[in-house]
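Residue-level structure breakdown
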Amino acid sequence: SINLGALIAYTLVSYICQYGIPSLGGEKWGFFIGYSIPAIMMALAIAIFVLGTPRYRIAQPQGSVLATAAKICYEAVWTNRNMSTGTKHILDRAKTTYGGNYSKAQVEGVKLVT
């Protein structure tokens, strides 16, 4: 959608600003009409955002993601340093299947970042 917006901004709006629309005042009103289009679209977007706000699910924080990631790395590298899992990634040592304290989803999430 951002690419479509850029396409419209660089073609349609710039054309209207330069040459105007004959039925809406021509060149004399070109900049006003040209810049009114993005202003109206932005107001519409803000209205949709504000009207949709009650539909959002706002969950309370359940702890720090960074702290959990650090704990996973610490457990895999230091606490279980003598364990051999037979896998290629060192963070697998923190999984519950290998005796660690973290679920597969949590460890895989940290592996995606590292």
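Presented here is a report on the structure given in the accompanying data block. The shown structure was predicted, so the numbers you read here are calculated from the model rather than taken from an experiment.

What follows deals with a nonpolar patch on the surface. A surface patch of nonpolar side chains, about 680 Å² in accessible area, is lined by Met42, Ile46, Phe49, Val50, Tyr56 and Ile58. One can find Tyr56 in the loop between α2 (30-52) and α3 (65-79). Owing to a relative accessible area of 43%, Tyr56 belongs among the partly exposed residues under this scheme.

This next bit is on the nonpolar core. Within the largest apolar cluster, 7 residues are counted, these being Ile72, Ala76, Leu91, Ala94, Tyr102, Val107 and Val110. In this structure, Tyr102 is in contact with Thr68, Lys71, Ile72, Glu75, Ala94, Lys95, Thr96 and Val107, ignoring residues within four places of it in sequence.

Between its first and last C-alpha, α2 extends 33 Å over 23 residues, near the 33 Å set by a 1.5 Å rise per residue. Of the residues making up α2, those classed as buried are Gly30, Ile33, Gly34, Ser36 and Gly52. Buried residues belonging to α2 abut α1 (2-19).

Definitions and cut-offs
- Residues numbered from 1 in each chain as written.
- Predicted model: local features only at pLDDT ≥ 70, side-chain atom pairs only at ≥ 80, totals over all residues.
- Heavy atoms only, no water.
- Patch = residues over 30% accessible without salt bridge, like charges linked within 9 Å, V, L, I, M, F, W, Y side chains within 5 Å.
- Areas by Shrake-Rupley, 256 points an atom, 1.4 Å probe, with all protein chains shown as cover.
- Salt bridge = Lys/Arg side-chain N within 4 Å of Asp/Glu carboxyl O.
- Helix = DSSP H or I, 4+ residues; strand = E, 2+ residues; numbered from the N terminus.
- Buried < 20%, exposed > 50% of the residue type's maximum accessible area, 1.4 Å probe, protein only.
- Core = buried A, V, L, I, M, F, W, Y, C linked by side-chain atoms within 4.5 Å.
- Contact = heavy atoms within 4.5 Å.
- Expected span 1.5 Å × (residues − 1).

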